[in-house]
Amino acid sequence: MLNIIGIKCENKFFISKFTPNSYKKYSFPEGLIINGKDVKSTFHQDWGVISKKVSTVQKYVKQPNINHRYELLDLTLESSKIKSTLKEEDVLDGDYCWKDEYKIYRSLYKEVSDKQPDILEDVEFKYETIIEVGGIKKNRKFVYDVQKTRWAHEGLKQLKENDIHHQLIDQIVFPNILLSVRPCSLTPKQSFDIVRQYVKQYINYDVASITSDYDFCFAVKKKIPLFVPEKYAVLKTKYNKSMEVECFNIAPKKYQSYEIIKGFKGETQEDLKNNIDYYCKKLIKFINEPVISCPHCKGLGIIDKKVRF
């Protein structure tokens, strides 16, 4: 029996096929005619929407072809012995092989039949409205670029909403279309990967430089122009015109003195995205903000060596 569950929302119902013992518990009611109409798709791939509570479920069933026959490939060969059309029952024996008197002509014919229109059949089903909510809205797209592997040359992949972590109790109690309004989080490693790639994409290399770039640690230094160039000698006298001071570092887990990044969290998926975007934008604004050395102290003590948000 087909199980269908529904969520009543204002003047409509969000519905999904429900298979509790399957890895994929929810799925779009593909190919079903419900209440006499096709089910409209929604922003969620596993859910459709209808205007009234489910009362009838039908599906189109393919019918077998009829009027099976054999037609002559070349009609110019038609004669008293070679007919233009042969009925299947006339030329086939009980084993569906050509009878001896017709075998000699087999290569001259092609098999033909006529299709029948599909028919609607009732589907046995069980329906339950499991919850009633005030509204279900589409969330902003949750997509972040991260490195596919530890090696940058192997390209990027996208971290999406299916990668978000939800509380086990919420996964048990709530259907997946409602999980986006429940508390959620990313792991420290996922959060590290997002921040690392974001900084690499938007850093201003005239102002800062990446000094550690690994899947276990990441660090950035500010480039600070010196008010008074610093002299040094390598066979001949040269001058440093800037210095670098580390301003940011993170790691997904304990590594030397690197700051361990906490996994991003949110009260909802929308809140989670807002928290990620706010952090990344605030961070890159800080990293890309130019700093000049003080003419009075020659650049000493003008910047905190670490930044934490």
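Shown above is the structure to which this text applies.
About the thresholds
- Residues numbered from 1 in each chain as written.
- Predicted model: local features only at pLDDT ≥ 70, side-chain atom pairs only at ≥ 80, totals over all residues.
- Heavy atoms only, no water.
- Salt bridge = Lys/Arg side-chain N within 4 Å of Asp/Glu carboxyl O.
- Helix = DSSP H or I, 4+ residues; strand = E, 2+ residues; numbered from the N terminus.
- Buried < 20%, exposed > 50% of the residue type's maximum accessible area, 1.4 Å probe, protein only.
- Core = buried A, V, L, I, M, F, W, Y, C linked by side-chain atoms within 4.5 Å.
- Contact = heavy atoms within 4.5 Å.
- Axes fitted to C-alpha atoms, helices over the stretch in contact; angles between N-to-C directions.
- Parallel < 35°, antiparallel > 145°, perpendicular 65-115°, else oblique.
- Left-handed = near helix turned anticlockwise from the far one by under 90°.
- Nonpolar A, V, L, I, M, F, W, Y, C, P; charged D, E, K, R; others polar.
- Pairing = 2+ DSSP bridges.
- Phe/Tyr/Trp six-rings, centres within 6.5 Å; stacked < 30°, edge-to-face > 60°.

**What about the pattern of salt bridges?**
The final tally for this structure, using the stated rule, is 10 salt bridges. Between Asp193 and Lys189 there is a salt bridge, with its nearest N and O atoms 2.9 Å apart. Of this pair, Asp193 and Lys189 both sit in helix H4 (residues 188-202), separated by four residues, roughly a single helical turn. Residue classification places Lys189 among the partly exposed positions, given a relative accessible area of 35%. As a salt-bridge pair, Asp277 and Lys273 come within 3.3 Å of each other at their nearest N and O atoms.

**Some points on the nonpolar core**
The nonpolar side chains of a soluble globular protein tend to be buried with one another. Core analysis: the biggest nonpolar cluster contains 27 residues, and Val195, Val199, Val220, Phe248 and Ile276 have the highest contact counts within it. Every element with two or more residues in this core is listed here: strand E14 (143-147), H4, strand E19 (218-234), strand E20 (236-250) and helix H5 (269-287). Here this core takes seven residues from H5, the largest share from any one element. Among all residues touching Val195, those that are not within four sequence positions of it are Phe248, Ile250, Ile261, Phe264, Tyr279, Cys280 and Leu283. Counting 13 residues, the second-largest nonpolar core is a separate cluster that includes Phe13, Phe28, Ile50 and Val123.

**Considering the packing of H4 against H5**
Two elements in contact, H4 and H5, have axes separated by 10 Å at closest approach and are oriented at 40°. Classed by the angle they form, the pair H4 and H5 counts as oblique. Here the hand of the crossing between H4 and H5 comes out right-handed. Note on element contacts: H5 touches H4 through Ile276, Tyr279, Cys280, Lys281, Leu283, Ile284 and Ile287, opposite Ile194, Val195, Tyr198, Val199 and Tyr202. Tallied by class, residues from the contact of H4 with H5 come to 11 nonpolar, no polar and one charged.

**With respect to the pairing of strand E1 (residues 2-9)**
Taken across its eight residues, E1 has six buried, putting it largely inside the fold. Here E1 runs beside strand E13 (residues 125-133); their pairing, made up of eight bridges, is parallel. Bridge pairing in E13 places Ile4 opposite Tyr127. Inspection of the sheet shows E1 paired to strand E2 (residues 12-18) by six bridges, in the antiparallel sense. From the neighbouring strand, Gly6 faces E2, where its bridge partner is Ile15. Taking the residues between adjacent antiparallel strands as the criterion, E1 and E2 are bridged by two residues, where Glu10 takes a positive phi near 55°.

**Here we look at the pairing of strand E9 (residues 66-72)**
Examined bridge by bridge, E9 and strand E11 (residues 109-114) share five bridges and lie antiparallel to one another. When the sheet's bridge partners are listed, Leu72 is paired in E11 with Tyr109. Relative to strand E10 (residues 85-87), E9 runs antiparallel, the two sharing three bridges. In the sheet register, Glu71 faces E10, and the bridge partner there is Thr85.

**Re the packing of aromatic side chains**
Within this structure, the stated rule accounts for 10 aromatic pairs. Here Tyr70 and Trp98 contribute two aromatic rings whose centre-to-centre distance is 4.9 Å and whose plane-to-plane angle is 65°, an arrangement assigned as edge-to-face. A residue pair is termed long-range when its members are at least 10 positions apart, and Tyr70 in strand E9 and Trp98 in the loop between helix H1 (88-91) and helix H2 (100-103) qualify at 28 residues. Grouping residues by exposure puts Tyr70 and Trp98 together as buried. Three or more aromatic residues joined by ring pairs form one cluster here, namely Tyr214, Phe216, Tyr255 and Tyr258.

**Focus on the sheet that holds E10**
What the three strands build is an open sheet, ordered E10-E9-E11; its pairing is antiparallel. Of all the strands in the sheet, just E10 and E11 have a single pairing partner and so form its edges. When the angles between neighbouring strand axes are averaged without regard to direction, this sheet yields 30°.

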